[in-house]
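What follows is the residue order along each chain.
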Amino acid sequence: MLRPVLLYLSKAVWARRVVTGWGFARRASSRFVAGESLEAAIGAVQTLGARGLNATLDHLGEQVTTAAEARAAAGDYLVILDRICAAGVRSNASLKLSQLGLGVDTELCRDNLRQIVRKGAECGIFIRIDMEDSATVDRTLDIYRSLAAERLTDVGLVLQAYLFRTEDDLRSLLAEGARIRLCKGAYQEPPTIAFAKKADVDRNYDRLTSMMIAASLQTGSEPSSADGRLPARTALATHDPRRIEFARQEAARLGLPPRALEFQMLYGIRADLQHALGAEGYPVRIYVPYGTEWYPYYIRRLAERPANVWFFLSNLIRG
Ligand code: FDA
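Throughout what follows, the structure given in this document is the object of discussion. (Residues numbered from 1 in each chain as written. Predicted model: local features only at pLDDT ≥ 70, side-chain atom pairs only at ≥ 80, totals over all residues. Heavy atoms only, no water.)

Regarding the packing of helix α5 (residues 67–87) against helix α6 (residues 106–122)
Contact geometry for α5 and α6: axes closest at 9 Å, N-to-C directions at 10°. When the axis of α5 is compared with that of α6, the two are roughly parallel. Residues Ala67, Ala70, Arg71, Ala74, Tyr77, Leu78, Leu81 and Asp82 of α5 form the contact with α6, whose own contacting residues are Leu108, Asn112, Gln115, Ile116, Lys119 and Gly120. Tallied by class, residues from the contact of α5 with α6 come to eight nonpolar, three polar and three charged. (Axes fitted to C-alpha atoms, helices over the stretch in contact; angles between N-to-C directions. Helix = DSSP H or I, 4+ residues; strand = E, 2+ residues; numbered from the N terminus. Parallel < 35°, antiparallel > 145°, perpendicular 65-115°, else oblique. Contact = heavy atoms within 4.5 Å. Nonpolar A, V, L, I, M, F, W, Y, C, P; charged D, E, K, R; others polar.)

Observations regarding empty space enclosed by the protein
Enumeration over the complete set of coordinates arrives at two cavities of 30 Å³ or more. As a volume, the largest cavity reaches approximately 80 Å³. Together, Leu174, Gly177, Ala178, Ile180, Met212, Ala215, Ser216, Thr219, Arg233 and Thr234 line the largest cavity. Per-element accounting of the lining of the largest cavity gives the leading share, four residues, to helix α9 (residues 198–219). Among the residues making up the lining of the largest cavity, the classes are represented as five nonpolar, four polar and one charged. Space inside the second largest cavity adds up to approximately 30 Å³. What lines the second largest cavity is Ala28, Arg31, Phe32, Tyr298, Leu302, Asn308 and Phe311. Breaking the lining of the second largest cavity down by element, the ones donating at least two residues are α12 (295–304) and α13 (306–318). Its residues assigned to classes, the lining of the second largest cavity shows five nonpolar, one polar and one charged. (1 Å grid on protein atoms, 1.4 Å probe; cavity = no way out; pocket = protein on both sides within 12 Å on 5 of 7 lines; lining within 4 Å. Points joined across faces, edges and corners; volume = space filled by probe spheres on them.)

Here's the deal with the layout of surface pockets
Each pocket or cavity is described by its volume, and for the largest pocket that value is around 1400 Å³. Lining the largest pocket are 49 residues; nearest its centre among them are Lys184, Gly185, Ala186, Arg301 and Glu304. At the level of secondary structure, the elements contributing two or more residues to the lining of the largest pocket comprise α1 (2–11), β4 (155–160), β5 (180–183), α9, β7 (261–266), α12 and α13. Here the lining of the largest pocket gets six residues from one element, more than from any other, and that element is α12. Residue composition of the lining of the largest pocket, by class: 26 nonpolar, seven polar and 16 charged. Here the lining of the largest pocket spans two domains, since at least three of its residues come from each of domain 1 (1–33 + 298–319) and domain 2 (35–293). Taken as a whole, the second largest pocket encloses approximately 460 Å³ of empty space. (Domains from an automatic or database assignment.)

Laid out in structure tokens, this is it:
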């Protein structure tokens, strides 16, 4: 009940205007956001690195509406890649195509992404394309595939277990050698195209996990690179202990070594689990978002867990 309301609010311009005007809301969002500046984010990545955790940096921003904003966002990513390279930190980068102009002009978006992936490749930095709402999936796959056809290989994408179509997408993309991050999915989707019940999403997540593990055994179960920038071929983004346990057992059953199974989690969520998995020898990568455009990202995190909303409201009451 609360989830659809929050996911609606995450896209509502009026709600963004109101909430971002509240100082306490920015403070509350800092639980999930590493800071407003690139330097703050690099500091967070260094702290994670010192604990043996890899990162993927995300410059917050999505749904730009002009070509100038899209070009500026791409320019920001070129700076980020330079900084990751210069700082020598264990991080790659994640981005959203709607931030690079997907909603403005598909060719502009493709060009922006191409520039970023080429720049990343100069320093061995992998680029992960986040997956947004279902209306963007076909275009996201198309742009990814066109870059792959140009032999730009340091790029991969995300698939969402809540979509009915994902099993077919995953099968094709694995056959093409794509590097996939599997997540459950964070947007509001109709029951005609997505599983509505959590139990069904979870079951599909396990099924897709099995497909990824089986495929990685066939094509080579590449672990993450020693510098932490290239993710393992099988990258599972979840904080759900049951999904993680399923993946571990499935990998062990098929003889996949722990270092070939990468677990990914969000900054500020289940740090205990992040460290426990790292200590067991699994590569763990933390998604580290930063920047001033925290509103939609933060509201999606509230939507995932009602307890976060009560925390937010208690801050509101305390002023
Ligand atoms: P689930 O929601 O079942 O949560 C399992 C447990 O995790 C909870 O019981 C709780 O302990 C903890 N937890 C989960 N969310 C929490 C929160 N917000 N606050 C506090 N605790 C929380 N989605 C998408 O649509 N496109 C994308 O590109 C990505 N990319 C992405 C990258 C990475 C690295 C991660 C970890 C996640 C994403 N997601 C995403 C988000 C994903 O789709 C999903 O919404 C969240 O990960 C929550 O789902 P879980 O798998 O954690 O399970």
